[in-house]
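Descriptive analysis of the structure
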Amino acid sequence: MVLNPVISKLSGKLVVLASASPRRLEILTNIGLRFEVVPSWFKETLDKTLFKTPYEYAVETAKQKALEVAQRMPFKHLKAPDIVIGADTVVTVDGLILEKPADKQDAYRMLSRLFFSMHITAYSSGNREIEYNVVDFYEETKVKFADLSEDMLWEYINSGEPMDKAGGYGIQALGGMLVEYVKGDFLNVVGFPLNHFCKQLGMIYNSPPESPAHKIKREDSTEAEGPWALVNSLSKCTENGENNQQSSNSDSAQDQNVVGPECAKCNNEGFPHKIVDLLDGFKASKTLFTASKLGVFDVLSDSEGLTLEEVADRIKASVLGTERLLDGAVSLGLLHRLRHGENTDQARRFLVSDSPLSLHGYILNCNDLVWPLFTHLESAVREGTNQYERAFGKKTENLFQDGYYKKDDVKMRFMNAMHSIAKVTGTDVATAFDLSQFKTACDVGGCTGAMAYEFTKAHPGLSVIVFDLPPVIEMRHHFQPKEQDDRVSFVAGDFFKDDLPKADLYILARILHDWSDDKVHELLRKVSKACTPGGGLLVSEIFLDEGRTRPSRALLQALSMTEGQQRSAVQYRDLLEEHGFTHVQTKYTDNLLDAMLFVKKDPNADKPLPATSSESVETATA
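Quick notes on the rules
Residues numbered from 1 in each chain as written. Predicted model: local features only at pLDDT ≥ 70, side-chain atom pairs only at ≥ 80, totals over all residues. Heavy atoms only, no water. UniProt positions renumbered as here; feature names shortened; annotations may be inferred. Helix = DSSP H or I, 4+ residues; strand = E, 2+ residues; numbered from the N terminus. Buried < 20%, exposed > 50% of the residue type's maximum accessible area, 1.4 Å probe, protein only. Contact = heavy atoms within 4.5 Å. Areas by Shrake-Rupley, 256 points an atom, 1.4 Å probe, with all protein chains shown as cover. Arc of directions from axis to C-beta. Salt bridge = Lys/Arg side-chain N within 4 Å of Asp/Glu carboxyl O. Axes fitted to C-alpha atoms, helices over the stretch in contact; angles between N-to-C directions. Parallel < 35°, antiparallel > 145°, perpendicular 65-115°, else oblique. Left-handed = near helix turned anticlockwise from the far one by under 90°. Nonpolar A, V, L, I, M, F, W, Y, C, P; charged D, E, K, R; others polar. pLDDT = per-residue confidence, 0-100. Patch = residues over 30% accessible without salt bridge, like charges linked within 9 Å, V, L, I, M, F, W, Y side chains within 5 Å. Lys, Arg positive; Asp, Glu negative; His and termini not counted. Charge placed at Lys NZ, Arg CZ, Asp CG, Glu CD. Phe/Tyr/Trp six-rings, centres within 6.5 Å; stacked < 30°, edge-to-face > 60°. Polar contact = N/O pair within 3.5 Å; in protein donor to acceptor, adjacent residues only side chain to side chain. Pairing = 2+ DSSP bridges. Core = buried A, V, L, I, M, F, W, Y, C linked by side-chain atoms within 4.5 Å. Expected span 1.5 Å × (residues − 1).

Under an unreviewed UniProt entry, the name given to the protein is Acetylserotonin O-methyltransferase-like, and the organism recorded is Astyanax mexicanus. Looking at the Cofactor (unreviewed entry) heading of the UniProt record, one finds this comment for the protein: "a divalent metal cation". In its Subunit (unreviewed entry) section, UniProt records this for the protein: "Homodimer."

1. Some details on the overall build of the protein
Of regular secondary structure, the protein possesses 22 helices and 21 strands. Within the protein, buried positions represent 50% of all 622 residues. Put simply, of all contacts in the protein between residues at least 6 apart along the chain, 74% involve residues at least 24 apart. On the protein, roughly 29400 Å² of surface is accessible, and the fraction owed to carbon and sulfur atoms is 51%.

2. Structural notes on helix α5 (residues 150-158)
In an α-helix, one turn spans 3.6 residues; hence positions three or four apart end up facing the same way. Taken together, the buried positions of α5 are Leu153, Tyr156 and Ile157. Projected down its long axis, α5 shows its buried positions confined to an angular sector of 100°, all on one face. What points out from α5, more than 90 degrees from its buried face, is the exposed set Asp151 and Glu155. Residue Gly160 follows α5 closely and has a positive phi angle near 90°.

3. Some words on the pattern of salt bridges
Counted under the stated rule, the structure contains 13 salt bridges. Put simply, Glu60 and Lys63 hold a salt bridge, and the shortest N to O gap is 3.2 Å. Taken together, the positions of Glu60 and Lys63, both in helix α3 (residues 54-77) and three residues apart, correspond to about one turn of that helix. Accessibility expressed as a relative area gives 4% for Lys63, which makes it buried. Taking the shortest distance from any N to any O, the salt bridge between Lys457 and Glu454 comes out at 3.5 Å. In this pair, Lys457 and Glu454 both sit in helix α18 (residues 450-458), three residues apart, roughly one turn of the helix. For Lys457, a relative accessible area of 60% translates into the label exposed.

4. Focus on the packing of helix α8 (residues 273-293) against helix α13 (residues 360-374)
Between two packed helices, what matters for the description is the angle formed by their axes and the separation of those axes. Here α8 crosses α13 at 120°, and the two axes come no closer than 9 Å. When the axes of α8 and α13 are compared, the pair comes out oblique. Relative to α13, the crossing made by α8 is left-handed. Facing α8, whose interface residues are Phe282, Ser285, Lys286, Leu288, Phe289, Ser292 and Lys293, α13 presents His360, Ile363, Leu364, Cys366, Asn367, Asp368 and Trp371. Here the residues of the contact of α8 with α13 sort into seven nonpolar, four polar and three charged.

5. Some thoughts on the confidence of the model for the protein
Considering every residue of the protein, the mean pLDDT works out to 78; 75% of them sit at 70 or more. Considering only residues more than four positions removed or in separate chains, one finds that residues 115-120, a stretch of pLDDT under 50, has 41 contacts. Contacts of residues 208-267 to residues separated by more than four positions or lying in other chains number 226 contacts, the stretch itself having pLDDT below 50.

6. Observations regarding a negative patch on the surface
A cluster of acidic residues, Glu309, Glu310, Asp313 and Glu323, forms a negative patch on the protein surface. Examining the composition of the negative patch, we find that three residues originate from one element, helix α10 (residues 308-314), more than from any other. Mapped onto the secondary structure, Glu323 falls in helix α11 (residues 319-331). Judged by its relative accessible area of 35%, Glu323 is partly exposed.

7. Looking at the packing of aromatic side chains
Under the criterion given, the structure shown has eight aromatic pairs. Ring geometry for Phe495 against Phe496: centres 4.9 Å apart, planes inclined by 65°, an arrangement best described as edge-to-face. Classification of Phe495 by relative accessible area gives buried; the value is 11%. When the centroid spacing of 5.6 Å and the interplanar angle of 55° are considered together, the rings of Phe543 and Tyr572 count as tilted.

8. Re the side chain of Thr589
Assignment of secondary structure puts Thr589 in the loop between β19 (581-588) and β20 (594-600). Classification of Thr589 as buried rests on a relative accessible area of 4%. Within the local environment of Thr589, its side chain forms a polar contact with the backbone oxygen of Leu593, the two atoms lying 2.5 Å apart.

9. Observations regarding the pairing of strand β14 (residues 440-444)
With respect to burial, β14 is a largely interior element, four of its five residues being buried. Pairing of β14 with strand β15 (residues 463-468) involves five bridges; the strand directions are parallel. What sits directly across from Val444, in β15, is Phe467. Pairing geometry for β14 and strand β17 (residues 505-509), over three bridges, is parallel. If you follow Cys442 over to β17, its bridge partner there is Tyr506.

10. Here's the deal with the nonpolar core
Residues Phe433, Leu435, Met451, Phe455, Leu505, Leu538 and Leu597 are the most contacted members of the largest nonpolar core, which totals 31 residues. If you list the elements that add at least two residues to this core, you get α17 (408-430), α18, β15, β16 (488-492), β17 and β20. Take this core: its biggest share by element is five residues, from α18. The contacts of Leu435, once residues within four sequence positions are left out, are Ala430, Phe455, His459, Leu505, Leu538 and Leu597.

11. Considering helix α20 (residues 517-530)
The terminal C-alpha atoms of α20 lie 20 Å apart, and with 14 residues this matches the ideal 20 Å at 1.5 Å per residue to within 8%. All buried positions along α20 are accounted for by Val520, Leu523, Leu524, Lys526, Val527, Ser528 and Ala530. Residues of α20 that are buried sit in contact with β17, β18 (536-541), α22 (569-577), β19 and β20.

12. So, the packing of α8 against α11
Where α8 contacts α11, the axes come no closer than 10 Å and their chain directions differ by 120°. In terms of orientation, α8 lies oblique with respect to α11. Considering only the axes of α8 and α11, their crossing is left-handed. Residue-level inspection shows Thr287, Thr290 and Ala291 of α8 in contact with α11, the latter providing Leu325, Gly328 and Ala329. Taken together, the residues of the contact of α8 with α11 break down into three nonpolar, three polar and no charged.

13. What to know about the environment of Lys13
Within the secondary structure layout, Lys13 lies in the loop between α1 (3-8) and β1 (15-17). Residues Lys13 and Asp82, 69 residues apart in the sequence, show an inter-C-alpha distance of 5.7 Å.

Right under this line is the structure:
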């Protein structure tokens, strides 16, 4: 099977994995597939006795998981996926389905029986069509277990690994010591039959419309602008002591109706769901901005069981307005409907202002700075210039000086926004690469030091200098972590006018996209001059795909008409090569920022240093 043509057909599509399994994430990201993770809310309460075989139960569960996400996203996430991949795994012994062990004794009972067991994993995937076209398949893999002694079983159980795995073991980790050999697709045992899955994708995108598929129609609808298609695939893995391998594929077709509360928008033939979602998108953003600015999430975090009147009083708003704001936040999934609101898990993590990963500062910046600019988008597009003067009564450079760096409140707002982004993205960027060869780093334009602290946390042997403008450095004490780290230091300076501090590794996070090409080349010349041969440069930005169609947040950000531009990973690679850097590795983090690692070439050598001779691309999903 030729893999690249299959994956390339998904370029530019919104692919969603309806599973939080780290094993499936790893398998799919290792083939370069770009996707988002939206775990399914489908309750696994199907009556197992209604299914003739375990794999039929797994198929139906996987299908319902994928359908739930496919139907939810256009209305809850305000975007429609092109592909949804669902998954379900069960382990069976003599036809009896084994769940995850409840305790150590349960794990022992399961592991004692695994010599004759069957492992079944079911999948569903699909693309955006008004009908969910479902294709079923399954894969069998034989796994031969060793004779398991009591001591070995209990040593494995006491490791804790069996407790979160169906059937009580994982072949990809310590559980691999229990296995003598595997016949068939090893990745199928790990959790995803990649070869068969890709073949099915090839069949879907290369086959005529009449190819075998279930068609699951939305209620009372026959066509629309962007129809949905859902492909259901099944992976079946047998783990037992038999020596012969069994494998089979099955395709079937049937029509059935999917009926639910979210199908109400499907009643009109050809209804433009995505356009209507976009029409309401600005209302959703402003609801989030307003709730954040008024402190709704903080109030609900501080006190439980407040009455509507008490919430209104604390946010200094009318009772009617508060009620409607809370209703709107509930409809967007930001609050639970308990009395007059309770923060969801995501709201507690990212919207409460004092939470460690709070986006509160960035949200206020979007409300106070970005929102006014986008109200003048029509003028920005017509003129091809930013709209600072229309929005704020002064030109960009004057706003920058007078606003950010002379008014403490506006300066703090800006720094809070940068701090929010750095906290949320810092861990993924800092852990993207093995940086053990570097002992010192300089975070150029590192603002509050939030990113620098993540780097020292991830790399114990690394010290980081934060280099930023004097007014920023003066305000840094507002953002210092509770636990001080003397490996992070701060140096004041202008990276266009002053010499950069000496370091083994330079970090440019959310810097290059802001500046004109001339300024970018000026900065990179300074970094190249400061960096010694073999030294490193880590660039962290939003990387466009090669078709410049995704991610949309980068392309929408560009509409602010700053002098900078958004680039793809290839464009950044070419840009850095002009300044004597060789690309080593790219990491797509599935966070707000991706990362690329470069090393400085030795100008006296015909070839790059050995450390720079290989290039790789890695994708990770959080």
